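What the coordinates show
Residues per chain are reported as follows:
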Amino acid sequence: MIIAGVVGPACCGDLSSVYVVAVLLVTLGFGAIGFYDDYLKVTKQSDKGFSGRARLGIEFLIACIAVYFMMRSALMSGSAGSTFGSSIAFPSSKTS
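Residues numbered from 1 in each chain as written. Predicted model: local features only at pLDDT ≥ 70, side-chain atom pairs only at ≥ 80, totals over all residues. Heavy atoms only, no water.

1. Thoughts on the pattern of salt bridges
Worth spelling out the cut-off: By definition, a salt bridge exists where a carboxyl oxygen of Asp or Glu is found within 4 Å of a side-chain nitrogen of Lys or Arg. The secondary structure listing takes helices from DSSP runs of H or I that are at least 4 residues long and strands from runs of E that are at least 2 residues long, numbered from the N terminus. Burial classes follow relative accessibility: with a 1.4 Å probe on protein chains only, a residue under 20% of its type's maximum area counts as buried, one over 50% as exposed, and anything between as partly exposed.
As enumerated under the stated definition, the model contains three salt bridges in all. A salt bridge links R55 to E59; the shortest N-O distance between them is 3.5 Å. Separated by four residues within a single helix, R55 and E59 lie in helix α3 (residues 52-77), roughly one turn from each other. By relative accessible area, R55 is classed as partly exposed at 25%. Each of D37, K41, R55 and E59 takes part in a single network of salt bridges with overlapping partners.

2. Section: the environment of S51
Structurally, S51 can be placed in the loop between α2 (18-44) and α3. Taking the C-alpha atoms as reference points, S51 and D37, 14 residues apart in sequence, are found 8.6 Å from one another.

3. Description of α2
Here is the rule: For a helix, the expected span equals 1.5 Å multiplied by the number of residues minus one.
Compared with an ideal rise of 1.5 Å per residue, which puts 27 residues at 39 Å, α2 spans 39 Å between its outermost C-alpha atoms and is within 8% of the ideal. V20, A22, L24, G29, G31, I33, G34, D37 and L40 are the residues of α2 that are buried. Two residues or fewer past α2, Q45 is found with a positive phi of approximately 50°.

4. Comments concerning the environment of L56
Position of L56 relative to the elements: it lies in helix α3. Classification of L56 as exposed rests on a relative accessible area of 57%. L56 sits 23 residues away from I33 along the chain, and the two C-alpha atoms are 9.8 Å apart.

Okay, structure coming up:
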């Protein structure tokens, strides 16, 4: 599922958009956390995987980094006050 969710937008999406890249990286980051959790469960052969607090902390950090780069990009392009809060990015579309 993660591969399909990343390959489609990576091939057909507008990779010059910081929003598309942020969504792809957040998806990959969260997928990596889930993979690591499953890996720990399989190798330990128990139901104890990644700590819930650690998992949420890392996910929060990934989300904060993505938001930082999106806000930084909006401020550099000069659109922070006018369209940033009301714009929507569609990762599978090349239209601006």
